[in-house]
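# Understanding the architecture of this molecule
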Amino acid sequence: MAVPQFTGRWTDGRHAGVSHVGIRIEHALEIWPAKAEIPEKWSLHRLKSAVPLKASAKDALITSQDHPGQTLFVADPAFAAQLLKAAPHLSPGRERWRYAWPGVILGGAVALSAGWIYLFDINPAKAVAQLIPYGAREGIGKQAVTSFTRGHAACTGAAGRAALDVLARKLSDAADSKQQFKVEVVNWDMVNAFALPGEHVVLMSELIKDAASPDELAGVLAHEMGHGIELHPEAGIVRAIGMSAAMELVFSGSSGTIGNLGAMLLQLRYSRVAEREADEHALRILKRAQISPKPIADFFDKLTKLEGGTAKTEPGSGDTKATDAESTAGGTDVGNMFATHPPSPERAKFFRDAATYAAVPALSDAQWQSLRGICAE
């Protein structure tokens with residue numbers, strides 16, 4: 001038997017008794033029972049300590065992951081210091097790192113993801129929205145229209161409806177969307193418009209009355225279609241309901257997850273980036289439809305006057321943009337309402353500075369008058 005460096009008490013895991021043993025620390029932790037010619041050898045990197053081992057520890061209780069049930073107790077102040085030199089992973093610092101590294105890795109992954117999202121303009125909510133089947137988006141949109149317009153009559157005058165269909169089809173074709181946009185008008189005395197999931201758009205009657213021309217209304221409608229093309233309403237709902245419910249929409253195609261869509265959509269806000277994206281789509285749509293963008297610039301000029309005054313506005317749904325002019329009904333200052341949007345003068349300049357091209361009126365005079373009377377009928 002080799003000369004032991006330390007002595008201790010060892011249990012073999014098979015019997016209740018405790019054996020007094022000699023101990024050596026070489027390339028392994030050697031345990032020499034009395035009269036044994038061959039020691040038990042515990043791999044150093046597989047050792048575990050009952051508590052993190054300090055060099056000043058007066059005793060140590062050691063186990064091995066390779067020998068379940070076996071224990072070794074050593075009451076010798078020199079043992080801990082010697083063992084730590086051979087097995088430094090037993091130290092408190094290494095032990096803390098062992099528990100901390102998963103959190104560090106997770107934190108690093110989160111930081112890296114955030115960096116990628118920032119650098120490459122990745123929108124997680126929009127990415128999830130793109131996975132929702134069209135049938136589910138269409139169902140959500142129908143439910144949203146019903147929920148959102150509850151208490152306000154739909155305007156369905158035949159001549160006005162026919163004129164609106166002409167304008168919606170012209171813009172929808174120019175948008176080059178896979179689906180035709182469905183546009184509804186509700187009798188609501190607020191100057192506003194809303195993009196809803198599944199290529200649905202709701203126009204409020206006061207917006208039509210307030211518009212100076214069909215071209216101005218076409219600009220607002222094209223902007224709403226821009227939100228629809230970018231799936232801003234769906235992305236807003238994904239953010240609002242959380243990822244678990246969103247995954248249910250993606251994989252089951254169910255719209256039953258959504259509760260009161262009307263109340264939810266009233267609280268959604270689009271960012272300045274989303275508003276600029278919708279404006280860019282609007283300009284592209286108007287150009288392809290051969291409708292002048294100058295009237296929508298005039299619309300933003302009117303908004304600039306509203307924003308500088310004392311008028312009150314009523315919050316809009318997923319679309320609280322300046323193109324929605326949200327006026328008259330009370331609650332929120334115009335300045336606060338448009339805080340998330342690019343300044344109206346900037347947006348007016350964007351449309352006014354657009355390259356000129358041959359344009360025709362969005363609707364004939366007769367069609368425009370019919371559309372303005374869509375609720376009266």
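Predicted model, so just to flag it, every value in this text is computed and none were measured. (Residues numbered from 1 in each chain as written. Predicted model: local features only at pLDDT ≥ 70, side-chain atom pairs only at ≥ 80, totals over all residues. Heavy atoms only, no water.)

### Side note on the pattern of salt bridges
A side chain of one charge can pair with a side chain of the opposite charge if their charged atoms are brought near each other. Counting across every chain of the model gives 19 salt bridges. One salt bridge in this structure joins K126 and E230, with 2.3 Å as the shortest N-O distance. With a gap of 104 residues between them, K126 in helix α3 (residues 124-129) and E230 in the loop between α7 (214-229) and α8 (232-241) connect regions that are remote in the sequence. Just as K126 is buried, E230 falls in that class too. The partner of E234 in a salt bridge is R137, and the shortest N-O contact between them spans 2.8 Å. Of this pair, E234 sits in helix α8 while R137 sits in helix α4 (residues 134-148), placing them 97 residues apart in sequence. In this structure E234 comes out as buried when scored by relative accessible area, which is 4%. A cluster of three or more residues bridged by salt bridges with shared partners is formed by R137, E199 and E234. (Salt bridge = Lys/Arg side-chain N within 4 Å of Asp/Glu carboxyl O. Helix = DSSP H or I, 4+ residues; strand = E, 2+ residues; numbered from the N terminus. Buried < 20%, exposed > 50% of the residue type's maximum accessible area, 1.4 Å probe, protein only.)

### Focus on the sheet that holds strand β9 (residues 193-196)
Within a sheet, adjacent strands bond to each other through the backbone by hydrogen bonds, running parallel or antiparallel. Across the sheet, three strands lie side by side as β8-β10-β9; this open sheet has mixed pairing. On the outer flanks of this sheet lie β8 (182-186) and β9, each paired with one strand and no other. In this sheet, neighbouring strand axes are inclined to one another by 20 degrees on average, regardless of whether the strands run parallel or antiparallel. Examined bridge by bridge, β8 and strand β10 (residues 200-204) share five bridges and lie parallel to one another. Bridge assignment links E184 to a residue of β10, and that residue is V202. Each of β8 and β10 is contacted by helix α5 (residues 158-175), which is oriented at about 140 degrees to β8, the strand it contacts most. (Pairing = 2+ DSSP bridges. Axes fitted to C-alpha atoms, helices over the stretch in contact; angles between N-to-C directions. Contact = heavy atoms within 4.5 Å.)

### Let's talk about unusual backbone geometry
Although it is not a glycine, K35 sits at a positive phi angle of roughly 65 degrees. As for its position among the elements, K35 is in the loop between β3 (28-33) and β4 (40-43). With a relative accessible area of 85%, K35 lands in the exposed category. One non-glycine residue, E199, lies in positive phi territory at about 60 degrees. Mapped onto the elements, E199 comes out in the loop between β9 and β10.

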